[in-house]
Amino acid sequence: MAVSPKPAVLGEPPRLDSIAALAKRRGFVYPSSEIYGGLNGFWDYGPLGVALRNNLKRAWWYSMVESRDDVVGLDSAIILNPAVWQASGHTQRFTDPMADCQECRRRWRADDLPSPDVCPACGGQLGEVRQFNTMFSTHVGPVADESARAFLRPETAQGIFINFANVLDSSRQKIPFGIAQIGRSFRNEITTGNFIFRVREFEQLEMEYFVRPGDDDRWWQYWIDQRLGWWHAIGIREDSLTVRRHEPSELSHYSKQTADIEFRFPFGVKELEGIADRTDFDLKAHTAASGRDLTYFDEESGQRYTPWVIEPAAGLERAFLAVLCDAYAEEQTGPKPSEIRTVLRFAPRMAPYKAAVFPLVANKPELHQRARSIYETLRPQFATAWDQRGNVGKRYRSQDEIGTPWCITVDYQTLEEGTVTVRDRDTMQQERVHESELADLFLSRLREPSG
Ligand code: GAP
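Residues numbered from 1 in each chain as written. Predicted model: local features only at pLDDT ≥ 70, side-chain atom pairs only at ≥ 80, totals over all residues. Heavy atoms only, no water.

Enquirer: I keep staring at the overall build of the protein chain and nothing clicks. Help me out?
Expert: Helix and strand counts for the protein chain stand at 13 helices and 23 strands. Overall, the C-alpha framework of the protein chain stretches about 75 × 65 × 45 Å when taken along its three principal axes. Per-residue burial over the protein chain gives 50% buried out of 451 residues. (Helix = DSSP H or I, 4+ residues; strand = E, 2+ residues; numbered from the N terminus. Buried < 20%, exposed > 50% of the residue type's maximum accessible area, 1.4 Å probe, protein only.)

Enquirer: Just checking my understanding: could you explain the nonpolar core for this structure?
Expert: Across soluble globular proteins, you tend to see nonpolar side chains buried next to one another. With 60 residues, the main nonpolar core has F28, L56, W231, I234, F320 and F346 as its most contacted residues. Per element, the largest residue contribution to this core is nine residues, and it comes from helix α9 (residues 316-327). If we skip the residues at most four places from it in the chain, F320 touches F28, V29, Y45, G49, L52, R53, L56 and I196. Counting 19 residues, the second largest nonpolar core, distinct from the first, contains W406, I408, V433 and L438. (Core = buried A, V, L, I, M, F, W, Y, C linked by side-chain atoms within 4.5 Å. Contact = heavy atoms within 4.5 Å.)

Enquirer: I'm lost on the layout of surface pockets in this one. Help?
Expert: Over the atoms rolls a probe the size of a water molecule, and its path tells where empty space is left. Within this model, the largest pocket holds a volume of roughly 1600 Å³. Around the largest pocket sit 48 residues that line it, and R109, R187, R198, E271 and R318 are the ones nearest its centre. If you list the elements that add at least two residues to the lining of the largest pocket, you get α4 (90-93), β4 (95-100), β5 (107-109), β10 (201-211), β12 (257-265), β13 (268-279), β16 (308-315) and α9. Looking at which element gives the most residues to the lining of the largest pocket, the answer is β13, with six residues. Here the lining of the largest pocket is composed, by residue class, of 13 nonpolar, 15 polar and 20 charged. (1 Å grid on protein atoms, 1.4 Å probe; cavity = no way out; pocket = protein on both sides within 12 Å on 5 of 7 lines; lining within 4 Å. Points joined across faces, edges and corners; volume = space filled by probe spheres on them. Nonpolar A, V, L, I, M, F, W, Y, C, P; charged D, E, K, R; others polar.)

Enquirer: Would you mind showing me how to read the site of the ligand here?
Expert: The environment of the ligand is made up of 21 residues, and the closest members are E155, R187, E189, E206 and E271. Within the side chain of R278, one N or O atom sits 3.4 Å away from a nitrogen atom of the ligand. G315 is positioned such that a nitrogen or oxygen atom in its backbone is 3.0 Å from an oxygen atom of the ligand. Burial of the ligand by the protein chains amounts to 90% of its free accessible area of 550 Å². Judged by the proximity of its atoms to the pocket grid, the ligand belongs to the largest pocket. Listed by contribution, the elements that provide at least two residues to the shell around the ligand are β10, β13 and β16. The dominant element in the shell around the ligand, judged by the number of residues it contributes, is β13, at five residues. Each residue belonging to the shell around the ligand can be placed in one class, and the counts come to eight nonpolar, three polar and 10 charged. (Near = heavy atom within 4 Å. Polar contact = N/O pair within 3.5 Å; in protein donor to acceptor, adjacent residues only side chain to side chain. Areas by Shrake-Rupley, 256 points an atom, 1.4 Å probe, with all protein chains shown as cover. Sits in = over half its atoms within 2 Å of the grid points.)

Enquirer: For this particular structure, what's the right way to read the domain arrangement of the protein chain?
Expert: Quite often, the size of an interface is put as the accessible area lost when its parts meet. Each domain of the protein chain was delimited in the assignment, giving domain 1 (16-83 + 135-324), domain 2 (95-133) and domain 3 (353-446). Computed from C-alpha atoms alone, the centre-to-centre distance between domain 1 and domain 3 is 38 Å. Across the boundary between the two partners, domain 1 contributes six residues, which contact five residues of domain 3. Together, the buried faces of domain 1 and domain 3 total about 470 Å²; carbon and sulfur atoms form 47% of this surface. It is L22, R26 and L48 in domain 1 that bury the most area against domain 3; as a group they hold 71% of the surface buried on that side. Viewed at the interface, domain 3 and domain 1 are joined by two salt bridges. Where R26 meets E401, a salt bridge forms, and the shortest distance between an N and an O atom there is 2.9 Å. On the surface where domain 1 and domain 3 come into contact, there are three residue pairs in polar contact (both at pLDDT 80 or more). (Domains from an automatic or database assignment. Buried area = accessible area lost by both parts, 1.4 Å probe. Salt bridge = Lys/Arg side-chain N within 4 Å of Asp/Glu carboxyl O.)

Enquirer: What should I look at first to understand the sheet that holds strand β11 (residues 241-245) in this one?
Expert: Sheets are built from strands paired through backbone hydrogen bonds, the pairs being either parallel or antiparallel. Spatially, β3-β9-β10-β16-β13-β12-β11 is the arrangement adopted by the seven strands of the open sheet, whose pairing is mixed. Each end of this open sheet is capped by a strand with a single partner; those strands are β3 (71-73) and β11. Across the sheet, the axes of successive neighbouring strands diverge by a mean angle of 25°, strand direction being ignored. Here six bridges tie β13 to β16, and the two strands are oriented antiparallel to one another. (Pairing = 2+ DSSP bridges. Axes fitted to C-alpha atoms, helices over the stretch in contact; angles between N-to-C directions.)

Enquirer: Just to check I follow, could you spell out the pattern of salt bridges for this structure?
Expert: Pairing is possible between side chains that carry opposite charge, provided their charged atoms lie close to one another. Overall, the coordinates contain 44 salt bridges when judged by the stated rule. The partner of R149 in a salt bridge is E146, and the shortest N-O contact between them spans 2.9 Å. Judged by its relative accessible area of 56%, E146 falls in the exposed class. Residues D400 and R423 are paired through a salt bridge, measuring 2.7 Å at the closest nitrogen-oxygen approach.

Enquirer: What exactly am I supposed to notice about the environment of H139 here?
Expert: With respect to the element layout, H139 can be found in strand β7 (residues 137-139). Under the relative-accessibility criterion, H139 is labelled partly exposed at 30%. In this structure the C-alpha to C-alpha distance between H139 and R149, which are 10 residues apart in sequence, comes to 4.5 Å.

Enquirer: Explain the packing of aromatic side chains here, please?
Expert: Here the distance between the centres and the angle between the planes together describe a pair of aromatic rings. Under the criterion given, the structure shown has 22 aromatic pairs. Seen in terms of ring centroids, Y296 and Y305 are 5.8 Å apart; in terms of plane orientation they differ by 50°. Their pairing is tilted. Like Y296, the residue Y305 is buried in the burial classification. Aromatic ring contacts, followed pair by pair, group F161, F164, F177 and F210 into a single cluster. Above the ring of F197, the side-chain terminus of R318 is found at 3.8 Å from the ring centroid. The ring of Y396 is capped by R423, whose NZ or CZ atom sits 4.4 Å from the centre of that ring. (Phe/Tyr/Trp six-rings, centres within 6.5 Å; stacked < 30°, edge-to-face > 60°. Lys NZ or Arg CZ within 6 Å of the ring centre and 35° of its normal.)

Enquirer: Just to check I follow, could you spell out the environment of T134 for this structure?
Expert: Residue placement: T134 occurs in the loop between β6 (130-133) and β7. Considered as a pair, T134 and N188 are 54 residues apart in the sequence and their alpha carbons are 4.6 Å apart. Sequence-distant contacts of T134, defined by excluding residues within four places in its chain, comprise F94, D96, F186, R187 and N188.

Printed below as a string of structure tokens:
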């Protein structure tokens, strides 16, 4: 599982192995269970990875729930009554086609192969295609028999549908309204890969938006536009994103129409998020299977109906990888071949640290003390790093590599007049700012559209 990147070529699109190596070296992402040889499809997130994940989740939650009147939050269990998956169709239809190589015994996802009958590893003949259900199963309680079988959820959406009536009864929402949830999902993918792109344990950011039957087309388009706007707002470049409508043959069993927001990853243009028109499939299925009425009485029209659902569903790991890939750059900073810096050009609000504070030199107690006091003043308001190792140039490079937008150096002038240098990650320019103005400066930059 050790990552050994080939050297990146300046000016070329970033290589996935360079990004994965940086992610491991700097504490964003580690292979899970690494000391035991890893476990395919599972990853652990280090100190900076957790910070980036939290920043992404916070931005999504703010945009989808806190900034709106018409969406509320939910946190449902990961393991649900197995009847949920029976009713939703997952027990029967949540499958991928699988084929085994008859020579080397490797297993492949059959719809993802360059040639349908030939093993991509050894060229051997592939066997018959079988359907493989990708839900992870477990047992609830001490007896591991069939009656105790349950599943780890493969999507957070069903937890929302089965709580539709609870949320309606306990909040004052009226259609159209949405229920949003962030949480872990699990899929026993036949093949995993491309770093954290396709994994077996991941986190979803999903929202089910309930609308009047017949209003679905307009709300579907509305949510495609909203979601595209969100990806731009977190700093993804416009030309890295495309919207692709599903062909009828690709549609999930519940969908009338789906559009994917896709990102140009180093390994190809792939799905970040799907926006599906799920019709009234799920609420009707749960009404039929549970016997509970999941219809809605519309006071305005005097009609009772089963709402239709528009679902924007994104994956946190894909958002994480897209933000990393879009931000990653290797740049020549001077005439010598060795003058290269690696920089993560995160939008400042996504950066794990907003600022880093350094004393100009480490061995002068008065500089250290003053720098420490500035650091402690900023830290409650902004995620702030401290660094006193090496020289200032090395500290800049180190902060560039983790995407810290602003580096503050405390020097002898600070002791005399209270000003510090603020060095900008992207322009590499320095400006002198009074220490009392730092917080306002960072707040105003974070509020800019690119902030
Ligand atoms: N509730 C609808 C649903 O789950 P999906 O397209 O299967 O739809 C939604 O999943 C999003 O979840 C995807 O767009 C992707 O970002 C993420 N996702 C799905 N499977 C994944 C996997 N194996 N690894 C990482 N992310 C995954």
